[in-house]
Amino acid sequence: MPFAIAHKNTHFLSALRLENRSGKIPLWLMRQAGRYLPEYRAIRSRHSFMEMVQTPKIACEITTQPIETPPQPIRRFQFDAAILFSDILVLPDALGLGLTFEEKLGPVFKYPLKTPLDLHRIEQDTLPPCLDYIPETIELIKNKLDVPLIGFAGAPFTVASYMIEGGTSKNLLKTKKWVVNNPQAFKKLMEILSDLTIQYLQMQINAGVNAVQLFDTWAGALSSSQMKELSLPYIEKIIRAIEPSVPVIFFSKACSSFAELIKGVNPQGISFDINADLRRMREDMPHLAIQGNFDPDILLGSQEAIRKEARRIVDSMQGDPGFIFNLGHGIHPETPIAAVQTLIEEVRR
Ligand code: CP3
């Protein structure tokens, strides 16, 4: 048995091992501790996002959802796993890029990588000690939680894209320019990031996370040959380093397009975007856990629409020992609490 379980709620971890025969589908939602919750918004109104992330007590409170009033999501909804409250961009922030989250703009780096000559600024063999708040937060959370805790990091390509663009971008053109004009420098950047990401995830594992999710949200900006040459080898390196200790779930908005490639680098599970037909994916990958892929836009629709789509996904994966119910991407901040309640009720039925 590769991964030990020490929780009352074992559905999530046993589904990751394709051994969930309990009849209960494990369920958690990407961004489950975010802005759709009034409790989150109340804390957020008093702190910057980075303050929240970097203060273990606050990050723990947001992750663990204490039982006392006001109730927060783990208790509110009884999810089968919690995910560390943090962000994929805290690693580049720690490398000195100066991260802030600005109203309407989202993440902004004060010191982005403007040219390959900037690489020397971030080149280092070990993690900066300023990330010590991460294991501290995880230890606090582990003391409070009776469901497994998911740690995470961004995959090197998606993190690199933010470091180069300086923030959110529609088409990642600056990044693509590096890829096309300076593939060697881009590989160097990916190498630096993958080595640090391995250390970053190992730090989370040592502190107690039970699984990790690798977020490669924007991989779809790459052609499949670019993916194969410039991104996949680094994802593979991370997975190989991490999987002996905990399972890795790979997420991208492009998992449907790159399913074969991703399967080839052996994550324990794949978290699918809304485009995937999960039952077909199961036929193509009998040995991987499959997570997904309810369209979060539907949570803005009617109760009937939510129930119908939840039913469809549950029916299509009925009895599957390796299925984890989740969204195809993060929950929208505008999502009504009642919609989440309806979704969960329908999945649990
Ligand atoms: O899922 C969770 O609840 C755990 C915490 C988590 C956050 N971000 C908190 C957050 C996780 C796993 C992430 C991952 C993340 N961050 C990704 C990959 C997954 C995805 O959503 O595609 C990416 C691309 C980021 C970068 C990022 N962080 C962006 C683009 C933004 C702003 C836009 C947006 O989607 O909200 C953030 C901010 C952020 N990260 C918030 C939260 C709760 C909102 C911050 C606020 O309160 O202002």
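Residues numbered from 1 in each chain as written. Predicted model: local features only at pLDDT ≥ 70, side-chain atom pairs only at ≥ 80, totals over all residues. Heavy atoms only, no water.

Draft legend 1. Quick look at the overall build of the chain. Of the regular secondary structure elements, the chain holds 15 helices and 9 strands. Whereas a compact globule of 349 residues would reach a radius of gyration of roughly 20 Å, the chain reaches 19 Å, a difference of no more than 12%. Considered along the principal axes of its C-alpha atoms, the chain spans approximately 55 × 45 × 40 Å. In the chain, which comprises 349 residues, the proportion classed as buried is 59%. Partitioning the contacts of the chain with sequence separation of at least 6, the portion at a separation of at least 24 is 71%. Entry remark: accessible area of the chain is about 14,800 Å², with carbon and sulfur atoms responsible for 51%. Averaging the coordinates of the 38 positive side-chain charges in the chain and doing the same for the 38 negative ones gives two points 2 Å apart. (Helix = DSSP H or I, 4+ residues; strand = E, 2+ residues; numbered from the N terminus. Rg over C-alpha atoms; globule rule 2.2 N^0.38 Å. Buried < 20%, exposed > 50% of the residue type's maximum accessible area, 1.4 Å probe, protein only. Contact = heavy atoms within 4.5 Å. Areas by Shrake-Rupley, 256 points an atom, 1.4 Å probe, with all protein chains shown as cover. Lys, Arg positive; Asp, Glu negative; His and termini not counted. Charge placed at Lys NZ, Arg CZ, Asp CG, Glu CD.)

Draft legend 2. Looking closely at the nonpolar core. Counting 130 residues, the largest nonpolar core has Phe12, Leu131, Phe186, Leu189, Phe272, Phe325 and Leu343 as the members making the most contacts within it. It is helix α10 (residues 183-207) that provides the largest number of residues to this core, a total of 13 residues. When sequence neighbours within four positions are dropped, the list of residues in contact with phenylalanine 272 reads Cys255, Ser256, Ala259, Leu278, Met281, Met285, Ile290, Gln291, Gly292, Asn293, Leu327 and Gly328. (Core = buried A, V, L, I, M, F, W, Y, C linked by side-chain atoms within 4.5 Å.)

Draft legend 3. Seen up close, the site of the ligand. Around the ligand sit 22 residues in total, of which Arg31, Arg35, Tyr40, Arg44 and Asp87 are the nearest. Within the side chain of arginine 35, one N or O atom sits 2.2 Å away from an oxygen atom of the ligand. For the ligand, whose accessible area on its own is 870 Å², the fraction buried by protein is 87%. Split into classes, the residues belonging to the shell around the ligand amount to 14 nonpolar, 4 polar and 4 charged. (Near = heavy atom within 4 Å. Polar contact = N/O pair within 3.5 Å; in protein donor to acceptor, adjacent residues only side chain to side chain. Nonpolar A, V, L, I, M, F, W, Y, C, P; charged D, E, K, R; others polar.)

Draft legend 4. Up close: the environment of isoleucine 83. Within the secondary structure, isoleucine 83 is located in strand β1 (residues 82-83). Residues isoleucine 83 and glycine 151 lie 68 residues apart in sequence; the distance between their C-alpha atoms is 6.2 Å. Ignoring any residue separated from it by four or fewer positions in sequence, one finds isoleucine 83 in contact with Trp28, Gln32, Thr63, Leu149, Ile150, Phe152 and Phe215.

Draft legend 5. Local environment of the pattern of salt bridges. Under the counting rule described, the total for this entry stands at 17 salt bridges. A salt bridge links arginine 307 to glutamate 345, with the shortest nitrogen-to-oxygen separation between them at 3.0 Å. Linking arginine 307 in helix α14 (residues 303-316) with glutamate 345 in helix α15 (residues 337-348), this pair joins segments that are 38 residues apart in sequence. By relative accessible area, glutamate 345 is classed as partly exposed at 44%. Across the salt bridge formed by aspartate 315 and arginine 311, the nearest N and O atoms sit 3.7 Å from each other. Residue aspartate 315 and its partner arginine 311 are both found in helix α14; the two are separated by 4 residues, about one turn of the helix. When salt bridges that share partners are traced, they join Arg307, Arg311, Asp315, Glu345, Glu346 and Arg349 into one network. (Salt bridge = Lys/Arg side-chain N within 4 Å of Asp/Glu carboxyl O.)

Draft legend 6. Focus on the packing of aromatic side chains. Taken as a whole and assessed by the stated rule, the structure comprises 10 aromatic pairs. With 5.4 Å between their ring centres and 55° between their planes, phenylalanine 77 and phenylalanine 79 make a pair best called tilted. By relative accessible area, phenylalanine 79 is classed as buried at 2%. The interplanar angle of 80° and the centroid separation of 6.5 Å between the aromatic rings of tryptophan 178 and phenylalanine 186 together place this pair among those described as edge-to-face. Judged by relative accessible area, which is 5%, tryptophan 178 ranks as buried. (Phe/Tyr/Trp six-rings, centres within 6.5 Å; stacked < 30°, edge-to-face > 60°.)

Draft legend 7. Expanded view of the UniProt feature "domain: Uroporphyrinogen decarboxylase (URO-D)" (unreviewed entry) in the chain. According to UniProt, the "domain: Uroporphyrinogen decarboxylase (URO-D)" (unreviewed entry) feature falls on residues 26-35 and 150-166. The span residues 150-166 carries 59% helix and 29% strand; its end-to-end C-alpha distance comes to 27 Å. (UniProt positions renumbered as here; feature names shortened; annotations may be inferred.)

Draft legend 8. The arrangement of unusual backbone geometry in detail. Cis geometry marks the peptide bond from glycine 292 to asparagine 293; its omega dihedral reads -25°. Along the chain, the position of asparagine 293 falls in strand β8 (residues 289-294). The phi dihedral of lysine 104 is positive, around 75°, even though this residue is not glycine. A positive phi angle is found at asparagine 266, which is not glycine, with a value near 60°. For asparagine 266, the location among the structural elements is in the loop between α12 (259-263) and β7 (269-271).

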